[in-house]
Structures are given as C-alpha cells and as structure tokens.
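Examining the three-dimensional arrangement
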Amino acid sequence: DVTADPVDWIVAIADNNSIIIMNQQWEIITDIIPADFGLASNITSIRLNPTGSLLMVGFVNGEIGLWNPRTGELTQTFIGSDGRVNAVDFLPRDSKVIAGLDDGTMRIWDVVTSRQTDVFTLNSSIRALAVNRSQVRMAVSLEGQMRIWDIQGSAEIKRLTGHQARVSTVVYHPDGQRILSGS
C-alpha cells in the first residue's frame, strides 16, 4: 500500500510487514516494523493524515496503530474486531479515525479518548474507503459497488455501480466532488 502527504510530500510505502517513510528526495526518514511494537506483522492498509503528522496502519488481525511518521514512534493503538482491517482513514480535523473491516463494519474511534464512538454495519466486507475532506462524507467500496455515506447522519446517500470486479481502491479528487476508484 502507498500513501502520501500533499503538504510536505512525505510518502509511506508498506509491504506485508514493514513501512518505509521517505521525503520528497526519496531519502528514507524512518523504517517502521510493527512487530517491534508487539503488533501483528501483516499490514493491510496505511494512510497519512492531511498534514503528514500521523500515519495510521491497519492489520490483518483487526488492530490499528497510529505512528509519528517522522520519528517512527507508536502513539496509539485501537482494536477493530477479530477480522481483517481492509481500509483506514482520518475524519476531518484528525479528531477521529475510521476503519473498514472484513466483517462488514465501519468503526470510528475518538483519537483523544481512544474510545470507539460508532459502528456501522453494512453486511458486506468493506474493501476500501476514502473520506471527503470538505464535507463529512465518504466513499465506501463493497463487493462490486461504491456507496456514498454521510458520516454525521449515519446514512447512505447514494449507490454507484459500474465496476465489473471488486473495487479495491478509492480516493476523492482534491475538489471533493469526484471519486476515483479502481478494481
């Protein structure tokens, strides 16, 4: 998985069991090995927050970790469920984080209290998700379709179809009005 910070151009690249953080000159800033922190070794998803100050990592066993990408320090952990975390993202203002899991749930945690605040059940494995920074909406990929979800109202707004295969990646365009997805 790959994620980038648009402000400082920090890039995080993850393979199955390590993460490399690089600057815009492609120099390695830090190398993170989650197993060194007692976490699972199978990384499933990563996401930098918009300012590049936090890196969120999802794991195959339901764990989620937050790291300082510049120092490699683990700052927080969350337990999603017993299932695989397929997608992670930050909600606006970085006060909450969200994860999409194999068990068909989206889970939200408060970063300050480390408490889970919401669980949404969609009855199908969440394959990818992306949060719109200008509105409190997100695009969620389920088996073969996309759903636009209102986070504040906890409701589905729209369904998008057209992919012939499972949607594995999704991102909002910087204008917040368009979604790019891939299968």
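An account of the accompanying structure is given in this report. Everything numeric in this text was worked out from a predicted model, so none of it was measured.

We now examine the nonpolar core. Of all hydrophobic cores here, the largest spans 15 residues; its most connected members are I98, M106, L122, I126, M138, V140 and W149. For this core, the leading source of residues is strand 14 (residues 137–142), giving 3 residues. Counting 14 residues, the second largest nonpolar core, distinct from the first, contains I10, A12, I21 and W67.

What follows is about the environment of N61. Its place among the elements puts N61 in the loop between strand 6 (55–59) and strand 7 (63–67). Measuring from C-alpha to C-alpha, the distance between N61 and L39 comes to 9.2 Å, with 22 residues separating the pair along the chain. A distance of 3.1 Å separates polar atoms of two side chains, one belonging to N61 and the other to E63.

A full pass over the atoms with the stated rule returns 5 salt bridges. The partner of D89 in a salt bridge is R47, with the nearest N and O atoms 3.2 Å apart. Remark: R47 occurs in strand 5 (residues 43–48) and D89 occurs in strand 9 (residues 85–90); sequence separation between them is 42 residues. Look at the salt bridges and you will find they share partners, linking R147, E156 and R159 into a network.

Moving on, we get to the side chain of N132. With respect to the helices and strands, the residue N132 is situated in strand 13 (residues 128–132). With near-sequence residues (within four places) excluded, N132 lies in contact with P92, R137, M138, Y172 and G176.

As a further point, take the environment of D31. If you trace the backbone, D31 turns up in strand 4 (residues 28–32). The class of D31 is partly exposed, set by a relative accessible area of 46%. Distance from D31 to V11, taken between C-alpha atoms, is 12 Å for residues 20 residues apart in sequence. For D31, the contacting residues outside a window of four places in its chain are S18, I19 and I20.

The rules we used
- Residues numbered from 1 in each chain as written.
- Predicted model: local features only at pLDDT ≥ 70, side-chain atom pairs only at ≥ 80, totals over all residues.
- Heavy atoms only, no water.
- Core = buried A, V, L, I, M, F, W, Y, C linked by side-chain atoms within 4.5 Å.
- Buried < 20%, exposed > 50% of the residue type's maximum accessible area, 1.4 Å probe, protein only.
- Helix = DSSP H or I, 4+ residues; strand = E, 2+ residues; numbered from the N terminus.
- Polar contact = N/O pair within 3.5 Å; in protein donor to acceptor, adjacent residues only side chain to side chain.
- Salt bridge = Lys/Arg side-chain N within 4 Å of Asp/Glu carboxyl O.
- Contact = heavy atoms within 4.5 Å.

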